[in-house]
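# Descriptive structure summary
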Amino acid sequence: MTQQNAAEGQPADLSKAGRDGQAGRPLVVLENVNKHFGDLHVLRDIDLTVHQGEVVVVLGPSGSGKSTLCRTINRLETYESGSITIDGIPLPEEGAGLARLRADVGMVFQSFNLFSHKTILQNVTLGPIKVRKMKAKEAESRAMELLKRVGVDHQANKYPAQLSGGQQQRVAIARSLAMEPKVMLFDEPTSALDPEMINEVLDVMGQLAKEGMTMIVVTHEMGFARRAADRVVFMADGQILEQETPEEFFNNPKTDRAKDFLSKILAH
């Protein structure tokens, strides 16, 4: 996509520009995925390929299947038919194989899901020590680097309840990064935040995008989609209706559903 002259005051993102003509290897591949909640067909024949280093933003009205799609990619939701592979490996149904694959797929939710009885530092080191078998000292050093990267290193010894919502969400991002994932999933990560806290989280996500992290982001933040996405995926009624660059989607939507969605959401 054309460079949006990066975020305010930031240099042009050459790594992202360099990816445009030469996509990385397919990292997340969904083929003909179907999912029901009872009689409700929430994912209909979903085909989606996300390449290494790509930032895909999923947009659509409420109830379109966006969050279910995100949660299905690491099997927080099951699906009835089709296939999902992560870096060429089929998504296991359960057991140690699924745990290993989930370690490669970071997930940041609407709610921060931090352990309230553990400090911020302990929240970030828990996964690397337990799952990656990292030594405690190494895990703590890495955690402090990540907490500094998201701007909350000075809060390391506090507990989640002592932090603002925006700070907690940034800790949740650091916790996912500590596992060194191949891909990061974001399920409406700013929807539970007060307005003044939203940008501090989006800034962290934007920086990750610049650094080449593969990201699938479900969000209502149109500015982030325009600025950070390589591709916009538009969903409605459980189907993917459009996949375009941000410029093309926002300036020239093809379907009536997308035109209607944009007319409502961009009018405010």
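Overview of the structure. (Residues numbered from 1 in each chain as written. Predicted model: local features only at pLDDT ≥ 70, side-chain atom pairs only at ≥ 80, totals over all residues. Heavy atoms only, no water.)

Attention shifts here to the layout of surface pockets. Space inside the largest pocket adds up to approximately 570 Å³. Secondary structure elements with two or more residues in the lining of the largest pocket: helix H3 (95–103), strand S6 (105–108), helix H4 (120–130) and helix H6 (165–177). Counting residues per element, the lining of the largest pocket draws most heavily on H4, at 6 residues. Of the residues belonging to the lining of the largest pocket, the class tally is 13 nonpolar, 6 polar and 3 charged. (1 Å grid on protein atoms, 1.4 Å probe; cavity = no way out; pocket = protein on both sides within 12 Å on 5 of 7 lines; lining within 4 Å. Points joined across faces, edges and corners; volume = space filled by probe spheres on them. Helix = DSSP H or I, 4+ residues; strand = E, 2+ residues; numbered from the N terminus. Nonpolar A, V, L, I, M, F, W, Y, C, P; charged D, E, K, R; others polar.)

Here the focus is the environment of Glu 247. Its location among the elements puts Glu 247 in helix H9 (residues 246–251). Residue Glu 247 is classed as partly exposed on the basis of its relative accessible area, which comes to 21%. Each C-alpha atom, one on Glu 247 and one on Ala 225, is 9.8 Å from the other, the two residues being 22 residues apart in sequence. (Buried < 20%, exposed > 50% of the residue type's maximum accessible area, 1.4 Å probe, protein only.)

Attention now goes to the environment of Glu 80. Relative to the assigned elements, Glu 80 resides in the loop between helix H2 (66–73) and strand S4 (81–86). C-alpha separation for the pair Glu 80 and His 36, spaced 44 residues apart in sequence, amounts to 7.5 Å.

In an α-helix, one turn spans 3.6 residues; hence positions three or four apart end up facing the same way. With 13 residues, H6 should cover 18 Å at 1.5 Å per step; its first-to-last C-alpha distance of 19 Å lies within 8% of that length. Counting buried positions along H6 yields 13 of 13 residues, so the element is predominantly enclosed. (Expected span 1.5 Å × (residues − 1).)

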